[in-house]
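Notes for the structure review
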Amino acid sequence: MEFSFVDYVVIFVYLVGVAYIGVRIAGQQASTVDYFLGGHDIPWWAVLFSVVATETSTLTFISVPAVAYGGNLTFLQITLGYILGRIIVSLLFLPSYVEGNMTTAYQFLKERFGSAMRNAASTTFMVTRLLADGVRLFATAIPLAIIMRLGGAFMGWSDFEVYLLAIAAIAVVTLIYTLIGGIKAVVWMDVMQMAVYVGGAIFAGAIMISDLPEGIGGTLSMAAEADKLQLFDFGFDLSFTEFIAQPYTFFTALIGGAVFSVASHGTDQLIVQRLLTTRNTKNSQKALVWSGVVVALQFGLFLFIGLLLYAFYDAQSANELGLATNDEIFAKFIVEELPIGFSGLIVASLFAAAMSSLSSSLNSLASSTTFDLYKPYFGRGNTQGEDLYASRIITVVWAIILTGSAFFFAFLQLQEGERPAVVELGLGIASYTYGGLLGAFLLGRLFTKPDKQDAMIGFFAGLISLLFMVEGPIHNLLPGEPLAIAWPLYTLVGSLIVVVVGSLSARIRNH
């Protein structure tokens, strides 16, 4: 079975329908408060699903099943840290944001350390989103490249050209409803699109189970024989250097996941903006904490699909299946095994996951740029209408930049050589800069003596120090056996360096 004309029609109708519904559902936007915060009147449960949809993207849909296919279930350990981190944020950060009537997370840094620190943190957020969401947009194009190869569409096109086409289509459709409808369109479309992609994943799993001779029981038996059902790995048999380099040992996943979640949900404007759209602090806290539980269930679902794929393809490697990486295995099943029309619907659900993340990024980037960089310096005397117009222009600019970032990662990932799972690449990028952001927030929240100079010294010390602990060009130039740490620890180590250096700087300068 191959991807048919009907499947392409389904995808086209879905994309057009999403743009139309997103514009209609948002209503009129009269000010930047409406455009970026939804008038503080969005229900907590809608915000909950929007947070989950924003985090999910196609990385979860495509790459998490690949993690289970090539490994085991220890990836799930990190969700325990995610839940713990969200609880900490709900108690430590959210009351200050909501009761302080803040529009961005970085306004706290301005009040505590001044404009320079806010600008540094806001700019770091923008760079992080630019890189991480470039990876996410690229991941969306993976199934489209397989469709081209297997279905015969776009004959004569290279994989890279097909990636560019898919990325551009997603970016244009997402920009339409984000540009017109603002955060309200983003949140409500996230709710709808989460239902689409979760439903699509469950449907694909059901098809696999029905096609497997021994069903779920046979899948679990086969997975157990391959040691794929291991959930906890404490790593006590590893040396110290091996332990800190292994991302899925229990304590690394729990602590690293918790700190990552504190940073991503307590300092990243992408999530904080959503939490500020609810009616009060209690609603924000409910949306945040329960989103951790739902994310854990989602990871469990997609890891289970990875086990089903392992049984369905009889434990063959990606090379044996004619694929470049394990990331393409679920997409191969979608294209080749689903009935006519349903393949298109599942691929549409991939677009749903991608658009939910991209729309969130566009709106949060525009929000941070408008409130943290544009309005304080260029728009002080603007009317609400002028601010709204500028916000939409900024949204378009970020759409162009993010699309270019995705093109760049498509080019990199298609080069020869060993490549990490796309989900690990995306999370690793985010984890790297989150350390500096979280450290600056903790320095301002928990310590009274550090001033703006101490905060800036600590902030950049954290970012620079991680360059020497992350596998990459600088790491490879160091003599001997340099220390390498697993990506879940990037945020923990980075934030500790910021806090320690900032505190020491305050003590030294005050003596």
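Residues numbered from 1 in each chain as written. Predicted model: local features only at pLDDT ≥ 70, side-chain atom pairs only at ≥ 80, totals over all residues. Heavy atoms only, no water.

**What about the overall build of the chain?**
Applied cut-off: Numbering of helices and strands runs from the N terminus, with a helix taken as a DSSP run of H or I at least four residues long and a strand as a DSSP run of E at least two residues long. A simple rule labels every residue: compare its accessible area, found with a 1.4 Å probe on the protein chains alone, to the largest value its type can have, and call it buried under 20%, exposed over 50%, or partly exposed in between. Any pair of residues with heavy atoms lying within 4.5 Å of one another is described as a contacting pair. Accessible surface area values rest on a Shrake-Rupley calculation with a 1.4 Å probe, where residue burial reflects the displayed protein chains alone.
Broken down by element type, the chain carries 20 helices and zero strands. For the chain, with 511 residues in total, the buried portion stands at 58%. Residue pairs at least 24 apart in sequence account for 85% of intrachain contacts in the chain once pairs closer than 6 positions are excluded. For the chain, the exposed area adds up to about 19,700 Å²; of that, 67% sits on carbon and sulfur atoms.

**Some thoughts on the packing of aromatic side chains**
Where two aromatic rings form a pair, the distance of their centres and the angle of their planes describe that pair. Selection criterion: Stacked, edge-to-face and tilted labels apply to pairs of Phe, Tyr and Trp rings (six-membered ring for Trp) whose centres lie within 6.5 Å, assigned for plane angles under 30 degrees, over 60, and everything in between, in that order.
Applying the stated criterion across every chain, the model contains 18 aromatic pairs. Judged by centre distance (6.0 Å) and plane angle (55°), the rings of Phe 234 and Phe 251 are tilted. Placement of Phe 234 in the loop between helix H9 (215–225) and helix H10 (240–245) and of Phe 251 in helix H11 (residues 250–266) is noted, with a sequence separation of 17 residues between them. According to the relative accessible area criterion, Phe 234 is partly exposed, its value standing at 35%.

**A few points about the packing of helix H4 (residues 77–92) against helix H13 (residues 281–312)**
Note the threshold: Axis lines are fitted through C-alpha atoms, for helices just across the contact stretch, and the angle between N-to-C directions can take any value from 0 to 180 degrees. Angles below 35 degrees are treated as roughly parallel, those above 145 as roughly antiparallel, those between 65 and 115 as roughly perpendicular, and all remaining angles as oblique. Nonpolar residues are Ala, Val, Leu, Ile, Met, Phe, Trp, Tyr, Cys and Pro. Charged residues are Asp, Glu, Lys and Arg, and all others, Gly as well, are polar.
Running from N to C, H4 and H13 point in directions that differ by 175°, and their axes come no closer than 9 Å. One element, H4, and the other, H13, form an angle in the roughly antiparallel class. In this structure, H4 uses Thr 79, Tyr 82, Ile 83, Arg 86, Ile 87, Val 89 and Ser 90 to contact H13, whose residues at the interface are Gln 285, Leu 288, Val 289, Ser 291, Gly 292, Val 293, Val 295, Ala 296 and Phe 299. Looking at the contact of H4 with H13, its residues break down into 10 nonpolar, five polar and one charged.

**Thoughts on H13**
The cut-off we apply is this: Helix span is expected to be 1.5 Å times the residue number reduced by one. In protein, a polar contact requires one atom able to donate a hydrogen and another able to accept it; more generally it is a pair of N or O atoms within 3.5 Å, and residues adjacent in sequence count only if both atoms are side-chain atoms.
Helix length check: H13 (32 residues) gives 47 Å between terminal C-alpha atoms against 46 Å at 1.5 Å per residue, within 8%. Capping the start of H13, Asn 280 holds a side-chain oxygen 3.3 Å from the backbone nitrogen of Lys 282, two or three residues further along. Just downstream of H13, Asp 314 is the residue with a positive phi angle, here 55°.

**Some thoughts on unusual backbone geometry**
Trans is the common state for peptide bonds, and a negative phi is the common state for residues other than glycine. Positive phi, close to 55°, is recorded for Asp 314, a residue that is not glycine. Assignment of secondary structure puts Asp 314 in the loop between H13 and helix H14 (329–337). Residue Asp 314 is classed as exposed on the basis of its relative accessible area, which comes to 55%. One non-glycine residue, Ala 315, lies in the positive phi region at around 65°. With respect to the helices and strands, the residue Ala 315 is situated in the loop between H13 and H14.

**A word on the pattern of salt bridges**
Counted only if it meets this: We define a salt bridge as a side-chain nitrogen of Lys or Arg found within 4 Å of a carboxyl oxygen belonging to Asp or Glu.
Tallying each qualifying case throughout the model produces five salt bridges. Between Arg 274 and Asp 190 there is a salt bridge, and its shortest N-O distance comes to 4.0 Å. In this pair, Arg 274 is assigned in helix H12 (residues 269–275) and Asp 190 in helix H8 (residues 159–211), connecting sequence segments 84 residues apart. Judged by relative accessible area, which is 0%, Asp 190 ranks as buried. Lys 375 serves as the salt-bridge partner of Asp 387, at 2.7 Å between the closest nitrogen and oxygen. With Asp 387 in helix H16 (residues 384–413) and Lys 375 in helix H15 (residues 342–378), this pair connects stretches of sequence that are 12 residues apart.

**So, the nonpolar core**
Inclusion rule: Definition used in this section: a nonpolar core is a set of buried Ala, Val, Leu, Ile, Met, Phe, Trp, Tyr and Cys residues joined via side-chain atoms within 4.5 Å.
Counting 126 residues, the largest nonpolar core has Phe 61, Leu 109, Leu 309, Phe 330, Phe 333 and Met 355 as the members making the most contacts within it. Sort the elements by how many residues they give to this core and H8 lands first, with 20 residues. Excluding anything up to four places from it in sequence, Phe 333 contacts Ala 204, Ile 207, Met 208, Leu 309, Phe 312, Tyr 313 and Leu 338. Ranked by size, the runner-up nonpolar core spans nine residues in total, among them Ala 461, Met 469, Ile 485 and Tyr 490.

**Observations concerning the side chain of Thr 249**
Mapped onto the fold, Thr 249 is located in the loop between H10 and H11. Among the residues examined, Thr 249 registers a relative accessible area of 0% and is labelled buried. There is a polar contact of 3.0 Å between the side chain of Thr 249 and the side chain of Thr 252. The contacts of Thr 249, once residues within four sequence positions are left out, are Gln 77, Asp 233, Phe 234, Gly 235, Leu 238 and Phe 243.

**Overview of H14**
Among the nine residues of H14, seven are classified as buried, and the element is accordingly described as predominantly covered. Buried residues of H14: Ile 329, Phe 330, Ala 331, Lys 332, Phe 333, Ile 334 and Val 335, and no others.

**Considering the environment of Met 126**
Relative to the elements of secondary structure, Met 126 occurs in helix H7 (residues 115–151). Along the chain, Met 126 and Thr 369 lie 243 residues apart, while their C-alpha atoms are 8.4 Å from each other. Contacts of Met 126, omitting those with residues within four sequence positions, involve Leu 365, Ser 368, Thr 369, Leu 373 and Trp 398.

**Regarding the side chain of Thr 74**
Note on placement: Thr 74 falls in the loop between helix H3 (44–70) and H4. Taking relative accessible area as the criterion, Thr 74 reaches 6% and is therefore assigned buried. Residues contacting Thr 74, with those up to four places away along its chain left out, are Gln 230, Leu 231, Phe 232, Asp 233 and Tyr 248.

**Digging into the environment of Tyr 248**
With respect to the secondary-structure elements, Tyr 248 resides in the loop between H10 and H11. Along the primary structure Tyr 248 and Leu 73 are separated by 175 residues, whereas in three dimensions their C-alpha atoms are 9.3 Å apart.

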